[in-house]
Amino acid sequence: MRAAVVRAFDAPPRFDTFPTPIPSGEHEVLVDVLAAGLHPRVRSAANGSHYTSDGTLPLVPGIDAVGRTPQGELLYFAAPDAALGTMAEHAVVDRRRAITLPTGTDPAAVAAAMNPGMSSWVALRRRVSLPPGGSVLVMGATGNAGQLAVQIAKHLGAARVIGAGRDPRRLDLLKSLGADEVVRLDDSDSRSGSGSGSDDVAERLARAAADVDVVIDYLWGRPTEQAMPALLTARSDRSKALAWVQIGSMAGQDITLPSYLLRAANLNIMGSGQGSLTTAGIIAELPSLAAEIASGALAVDPLPMPLDQVEQAWNTPTAPGQRLVLTPSQR
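Residues numbered from 1 in each chain as written. Predicted model: local features only at pLDDT ≥ 70, side-chain atom pairs only at ≥ 80, totals over all residues. Heavy atoms only, no water.

A. Examining the nonpolar core more closely. Core analysis: the largest hydrophobic core is formed by 50 residues, its most contacted members being Y76, M114 and V214. Broken down by secondary-structure element, the contributors of at least two residues to this core are β5 (74-78), α2 (107-127), β8 (135-139), α3 (144-155), α4 (168-176), β11 (214-217), β12 (242-246) and α9 (279-295). Once you skip the residues sitting within four places of it in the chain, Y76 turns out to touch D64, A65, V66, R97, A98, I99, L101, V110, M114, N115, M118 and L286. (Core = buried A, V, L, I, M, F, W, Y, C linked by side-chain atoms within 4.5 Å. Buried < 20%, exposed > 50% of the residue type's maximum accessible area, 1.4 Å probe, protein only. Helix = DSSP H or I, 4+ residues; strand = E, 2+ residues; numbered from the N terminus. Contact = heavy atoms within 4.5 Å.)

The structure is reproduced here in C-alpha cells:
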C-alpha cells in the first residue's frame, strides 16, 4: 500500500510504499482510510519527541482516522501506540477501539476534531466534575484543542468560559465560539521571568478568572507559573476547590510551584491523557463527542490534503481554527 512513512526523526514523512497490514485478532478488520488528522500529537510521534515514542523506525504516523470497512460501515478509530499508524491507504482497526459513525458523516470533519476535542471532552466528563453553572478557564485557548475546549465547556454546562492565549486573531475568534472573556498571553510576557509585562498578564488573569472552578491547561511552563499564583491569591474563597487539569505542554515541560500555594488554597492538580484514563474509558466517551461533531453543534474547519502531498502538508500553515487532514486516494 501507499503511506506516509517516517524513516528519520529529523525529516518529515514521505509518500512511499509500506507493507499492507493484515488483521490477526478476532476483533480486527482492515479498512480503507478516508481521512486522518495531522494533530500535534502526530507530529511529536513522527519526530520521536512524544513520551510514548520507543524510537522504532520506519513508522507510519497517525493516531486516529475515519475508515470504511469492506461492508461499507463508516468507523472512527484510535490506533494503538505502534509503528503502524493511520496515514496510509489501509489500516487495521481493533473494533474495541472504534465507534460507528452515522450515515452522511463528513469524514474530514470527524478526523479533524475528534483528537483535539476529546482532550477537553474527556477531561470535563471523566477527570473533573463541572458544577452546574460553573466556570472554566482554558489556558491555550487559541490552539485548535483550546478553541474546541471553549465550545465544549459551554456545551457541557459552563455558565462562564474564559479563554487565554497568545494569538490576537484567534482570541477574537473565541468570542464568536462562546468565550465570555479573553485574556491575551503575550509571547514576550510568557518568556519573561519578571517585569511589568509579566505582571500585567497575571493581573489580567486574576481579574478575569480568579473564581473559576476548572482550568483546562494546554500550555504549562511559564504561563502556568504566572496563572496559578495570580488566580489563587485573588480568589474570593480560597477554600473553594479549583481543579487544574494539565493536558498539554505547549509552553514548557516543567513549572516551579511554590509550596505555599498548596497550603493557602484548595488547589487540585491532575492530568488527563493516556495513563490517567483507561483506553476503555476514553473510547466510551467518543460516541457522544462524534455525534456533536457530526451534527454541527461544534464548529470545525478541516483542511483536507491528499496523502501523496504529505511532505507539503507537514509545513502548510493553517488559518485560525483549521486542522489539516490527510485523505488517502482509494483505488
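B. How the structure looks around unusual backbone geometry. Here the bond from L57 into P58 is cis, since omega is -5 degrees, no more than 30 degrees from zero. In this fold, P58 is placed in the loop between α1 (40-46) and β4 (64-68). The backbone phi angle of W220 is positive, close to 60 degrees, even though this residue is not glycine.

C. Here's a closer look at the sheet that holds strand β10 (residues 181-184). Within the open sheet, the six strands sit side by side as β10-β9-β8-β11-β12-β13. Their pairing is parallel. Each edge of the open sheet carries a strand with a single partner, namely β10 and β13 (267-271). With strand direction ignored, the average angle separating the axes of adjacent strands in the sheet is 15 degrees. (Pairing = 2+ DSSP bridges. Axes fitted to C-alpha atoms, helices over the stretch in contact; angles between N-to-C directions.)

D. Structural detail: the pairing of strand β6 (residues 90-94). Within β6, four of the five residues are buried, leaving the element largely enclosed by the surrounding structure. For strand β3 (residues 28-37) and β6, the ladder comprises five bridges, and the chain directions are antiparallel. Bridge pairing in β6 places D32 opposite H90.

E. Structural detail: the side chain of R41. Checked against the element boundaries, R41 lands in helix α1. Dropping the residues within four chain positions of it, R41 is found in contact with H50, T52, I63, D81 and Q274.

F. Just the environment of T316, in detail. Here T316 lies in the loop between α10 (310-314) and β15 (322-327). Owing to a relative accessible area of 21%, T316 belongs among the partly exposed residues under this scheme. Of the polar contacts made by the side chain of T316, one reaches the backbone oxygen of Q312; its length is 2.7 Å. (Polar contact = N/O pair within 3.5 Å; in protein donor to acceptor, adjacent residues only side chain to side chain.)

G. α9, seen in detail. Taking 1.5 Å of rise per residue, 17 residues should cover 24 Å, and α9 covers 25 Å from first to last C-alpha, within 8% of that figure. For α9, the principal kink sits at L286 and spans about 30 degrees; a proline, P287, occurs within the next four residues. Along α9, the residues that are buried comprise G281, I282, I283, E285, L286, L289, A290, E292 and I293. Residues of α9 that are buried in the fold lie against β5, β7 (98-100), α2 and α3. G296 sits one or two positions beyond α9 and adopts a positive phi of about 85 degrees. (Expected span 1.5 Å × (residues − 1). Bend = angle between axes of the 7 residues up to and from the residue.)

Taken by themselves, the reported measurements are silent on function.
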